[in-house]
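Chains, contacts and geometry: an overview
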Amino acid sequence: MTTLNEPLYRDDYLNAGYGVKSWFLTLDHKRIAILYLISITFFFFIGGFFAVMLRLELMTPQGDIVTAETYNKLFTMHGIAMIFFFLIPSIPAVLGNFFVPMMIGARDLAFPRLNLFSWYLYNVGGLFTLYTMVTGGIDTGWTFYAPYSSSYTLSDPVPVVVGVFILGFSSILTGINFLVTIHKMRAPGLTWFRLPLFIWASYATSVIQVLGTPVVAIALVLLGFERLTGVGIFDPKLDGDPILFQHLFWFYSHPAVYIMILPSMGVVSEVVTCFARKRIFGYKFMAFAIMGIAVLGFLVWGHHMFISGQSIYAGLVFSALSFLVAIPSAIKVFNWTATLYKGQIEFRTPILYAFGFIGLFTIGGLTGLFLASLATDVHLTDTYFVVAHFHYIMVGGAVMGYLAGIHYWWPKMTGRMYHEGWAKFSALILFVGFNLTFFPQFILGFMGMPRRYYVYPPEYQVLNVMSTAGASILGLGYLIPMIYLLWSLRKPKTAGANPWNSTGLEWTTPSPPLPHNFDEVPEVTHEPYIYEGGSHPHAVPVSDHEAAHE
Amino acid sequence: MIVPKKIYYRVALALLVLFILTIAVAFVHLGPFNVYIAVTIAVIKATLVVLYFMHVRYHTRLTWIFASAGFLWLIILFVLTLADYATRS
Ligand SMILES: [Cu+2]
């Protein structure tokens, strides 16, 4: 903690070194988080560009701006960019990297070099994928289903498969780093049940990354092997089994949804308690629910395969198990609402996004039950209902949580405050734009419009036009934050150490933090969210830090 | 902790013996038991590698938990996948 006797200015992590080398060879988890932020934002806008093209094509029933082949490539590359290169690394690699050490009172992650290495792996994987995107694309769908991908497609999936394989290791290494850090580097007194829920969420996510990702890596290796050597693994013509690919793929890719959503749930828990000025309702239930979702998430993958030729018996089992996931998910939603109940809610930008998350995740989760039921799924499989469902989870849930976190921690990461009015405005239009884009897709899917076609019968046009109109509002809702967040970097670092009066350890450091986070390792003597009853033991007089930055 | 080299040599020798045994058994016709024996030997070999070469034997309970979690998840993968393959009509 800064006192008046010390020099008035100390270098924060952003000023601690200058030049390209100080960034590209940095071992500071905070700088690596910023590197990740730049990389994933780049891929977010690439994926967004493909989405714009898709929605433009779907404005009219006939094909107008692209051919059928190009359309197949567009939705494939949209999915690959958004899922593998944006959503999966989004919160863990950016906010987790930055805040997992800070929230447990550590000076860095357990393996700083491994952390930097995983950022490089991410970019190498990204380069392979970009190479394919600019040299002809890939049309297999982001799921790479065999035998189409291994034997029939005219595009070349191998570079992307290699890219996603490499990216997988980046994800595994981040997971291992977090697990070791959370086990071994917690501040004295920070017992498991004093951990902020964001740490629980990061822990559960890491478990999934470490245990799930190797399986998709194996599936992709086998796919590449079959394609390059002609040895039959998945292609029935070569005595392979195509459903085996789906088993291996979804063993990872269903839990991957929880890699996206659990960190968002962690962020929402932080934001809801902070801006409702209340303890989280049912802390232990929240922690167990996170772990429960992570484990149960591994038992349900077959719900993606009800009509694939999987046995009816397995379908029944997977259907029943899928319903179980609803229980911990519901616990979380109810506990957030119970936390908000009678809270003194301060309507700042982060909690607006958290509200968006709670509502949209609930819709996404409940529509998932339609798809987990065997009978309704037969009707809804591969329709726009599925597209709408997972966008409610991934965009309405995961991205809203990511933006809640970015807005909550931006003052800590940069030392600057963004323009509150613009931020609230864009949170609002994101919510409106999102629902206008994706709600009509539920109806379209229910009416029977299949996904992945670039032409459709004219009676579907009105709803498709609504969806495209919504997408343009949604796009604006993503551009505005880019502008005001970047704009805020021109201002002096006056956000103060703890602008929201939060109780987390990360807020006891100056904003932006010093290179080693804490001068003294903090000692923790209490549960995480002591918001009732005015000031809390961690409160650092903001004036100290403002003095430190004059 | 430092493991005496002697132990590594013994484990390596055991692995070689099991390897030769695997090949030898393959030449004896035992019907379905060929597979069972081959898989059993493979499991023993893997266990030796994990316990000694990967040092799990000398580590804390936490390491044991994580190492077993990997195998537990492998079992989940096999059991639920077989729930499909074993019940196809
Ligand atoms: Cu799923």
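Fair warning: this is a prediction, and the values are worked out from it, not measured in the lab.

When helices and strands are tallied, chain A shows 16 helices and zero strands. Computed over C-alpha atoms, the radius of gyration of chain A comes to 23 Å, within 12% of the 24 Å expected from 2.2 N^0.38 for 550 residues, which places it in the range of a compact globule. Projected onto the principal axes, the alpha-carbon positions of chain A cover approximately 75 × 50 × 45 Å. Taking all 550 residues of chain A together, the buried fraction comes to 60%. Across chain A, contacts joining residues at least 24 apart in sequence account for 83% of those joining residues at least 6 apart. Counting every atom, chain A has about 20600 Å² of accessible surface; 71% of that belongs to carbon and sulfur.

Let's shift gears to the overall build of chain B. The helix and strand tally for chain B stands at three helices and zero strands. The linear arrangement of helices and strands in chain B, starting from the amino end, is α-α-α. Here the C-alpha radius of gyration of chain B, 17 Å, is well above what a compact globule of 89 residues would show, namely 12 Å. In chain B, the proportion of contacts linking residues at least 24 apart, taken out of those at least 6 apart, comes to 54%. Put simply, chain B shows about 6600 Å² of open surface, and 78% of that area lies on carbon and sulfur atoms.

Moving on, we get to a nonpolar patch on the surface. Residues and elements named next belong to chain B. Where nonpolar side chains cluster on the molecular surface, the patch consists of Val28, Leu30, Phe33, Val35, Tyr36, Val39 and Val43 and spans about 670 Å² of accessible area. On the secondary structure map, Val35 appears in helix H2 (residues 33-53). The class for Val35 is exposed, based on a relative accessible area of 53%.

On to empty space enclosed by the protein, then. Residues and elements named next belong to chain A. A full pass over the atoms with the stated rule returns six cavities of 30 Å³ or more. Roughly 140 Å³ of internal volume is contained in the largest cavity. Along the walls of the largest cavity sit 19 residues, with Pro196, Thr503, Gly504, Leu505 and Pro528 positioned nearest its centre. The residue makeup of the lining of the largest cavity, split by class, is ten nonpolar, six polar and three charged. Roughly 90 Å³ of volume is contained in the second largest cavity. When residues of the lining of the second largest cavity are traced back to their parent elements, those giving at least two are helix H3 (68-103), helix H6 (158-184) and helix H7 (197-229). Residue contributions to the lining of the second largest cavity peak at six residues, all from H6.

Residue and element names in this part refer to chain A. Donor atoms from the polypeptide that coordinate the copper ion comprise His254 (ND1), His303 (NE2) and His304 (NE2), at 1.8 to 2.0 Å from the metal. Summarised as a motif, the one-chain spacing of the donors to the copper ion is H-x48-H-H. Using a relative accessible area of 32% as the deciding quantity, one classes His304 as partly exposed.

Moving on, we get to the interface of chain A and chain B. Contact with chain A, which involves 24 residues of that partner, is made by 14 residues of chain B. Carbon and sulfur atoms make up 77% of the area that chain A and chain B hide from each other, which totals about 1500 Å². Counting the surface chain A buries against chain B, the share from its top three residues, Leu211, His247 and Ser311 of chain A, is 25%. Across the chain A-chain B interface, the total number found is zero salt bridges. Where chain A meets chain B, there are six residue pairs in polar contact (both at pLDDT 80 or more). Of all elements in the fold, only H6, H7, helix H8 (242-276) and helix H10 (312-340) of chain A reach the threshold of two or more residues within the side of chain A that touches chain B. Considering only residue class, the side of chain A that touches chain B consists of 17 nonpolar, five polar and two charged.

Let's shift gears to the packing of H3 of chain A against H6 of chain A. All names here are of chain A. As a packed pair, H3 and H6 sit with axes 11 Å apart at the nearest point and diverge in direction by 20°. Here H3 lies roughly parallel to H6, going by the angle between them. The crossing of H3 and H6 is left-handed. In contact with Ile80, Phe84, Phe85, Ile88, Pro92, Gly96, Asn97 and Val100 of H3, H6 contributes Val160, Val164, Leu167, Ser171, Phe178 and Ile182.

Residue and element names in this part refer to chain A. Relative to the helices and strands, Ile91 resides in helix H3. Along the sequence, Ile91 and Asn501 sit 410 residues apart, while their C-alpha atoms lie 22 Å from each other. Non-local contacts of Ile91, meaning those with residues more than four positions away in its chain, are made with Gly96, Phe198, Pro263, Ser264, Val267, Ala398, Gly401 and Tyr402.

All right, on to the pattern of salt bridges then. Any two side chains of opposite charge can pair, on the condition that their charged atoms come close. Per the stated rule, a full pass over the model turns up seven salt bridges over all chains. The shortest N-O distance in the salt bridge between Glu346 of chain A and Arg348 of chain A comes to 3.5 Å. For Arg348 of chain A, a relative accessible area of 24% puts it in the partly exposed group. Where Arg88 of chain B meets Asp84 of chain B, a salt bridge forms, and the shortest distance between an N and an O atom there is 2.8 Å. By sharing partners, the salt bridges in this structure join Glu346, Arg348 and Glu420 of chain A into a single network.

Residues and elements named next belong to chain B. As assigned here, chain B comprises domain 1 (1-58) and domain 2 (60-89). Placing the centre of domain 1 and that of domain 2 at their C-alpha centroids yields a distance of 21 Å. For the pair domain 1 and domain 2, the summed buried area comes to about 340 Å², and 79% of that belongs to carbon and sulfur atoms. Counting across the domain 1 and domain 2 interface gives zero salt bridges. For the pair domain 1 and domain 2, the number of links is one residue pair in polar contact (both at pLDDT 80 or more).

What follows deals with the packing of aromatic side chains. Taken as a whole, this structure holds 54 aromatic pairs over all chains when the rule is applied. Residue placement shows Arg490 of chain A over the ring face of Trp487 of chain A; its charged tip is 4.4 Å from the ring centre.

Further remarks concern the nonpolar core. The biggest cluster of nonpolar side chains holds 176 residues, and the ones touching the most others in it are Phe84, Leu95, Phe144, Trp336 and Trp409 of chain A. Counting six residues, the second largest nonpolar core, distinct from the first, contains Val11, Leu18, Ile41 and Leu48 of chain B.

The rules behind each value
Residues numbered from 1 in each chain as written. Chains lettered and ligands numbered in written order. Predicted model: local features only at pLDDT ≥ 70, side-chain atom pairs only at ≥ 80, totals over all residues. Heavy atoms only, no water. Helix = DSSP H or I, 4+ residues; strand = E, 2+ residues; numbered from the N terminus. Rg over C-alpha atoms; globule rule 2.2 N^0.38 Å. Buried < 20%, exposed > 50% of the residue type's maximum accessible area, 1.4 Å probe, protein only. Contact = heavy atoms within 4.5 Å. Areas by Shrake-Rupley, 256 points an atom, 1.4 Å probe, with all protein chains shown as cover. Patch = residues over 30% accessible without salt bridge, like charges linked within 9 Å, V, L, I, M, F, W, Y side chains within 5 Å. Salt bridge = Lys/Arg side-chain N within 4 Å of Asp/Glu carboxyl O. 1 Å grid on protein atoms, 1.4 Å probe; cavity = no way out; pocket = protein on both sides within 12 Å on 5 of 7 lines; lining within 4 Å. Points joined across faces, edges and corners; volume = space filled by probe spheres on them. Nonpolar A, V, L, I, M, F, W, Y, C, P; charged D, E, K, R; others polar. Donors = N, O, S within 2.8 Å, 3.2 Å for Na, K, Ca; no water. Buried area = accessible area lost by both parts, 1.4 Å probe. Polar contact = N/O pair within 3.5 Å; in protein donor to acceptor, adjacent residues only side chain to side chain. Axes fitted to C-alpha atoms, helices over the stretch in contact; angles between N-to-C directions. Parallel < 35°, antiparallel > 145°, perpendicular 65-115°, else oblique. Left-handed = near helix turned anticlockwise from the far one by under 90°. Domains from an automatic or database assignment. Phe/Tyr/Trp six-rings, centres within 6.5 Å; stacked < 30°, edge-to-face > 60°. Lys NZ or Arg CZ within 6 Å of the ring centre and 35° of its normal. Core = buried A, V, L, I, M, F, W, Y, C linked by side-chain atoms within 4.5 Å.

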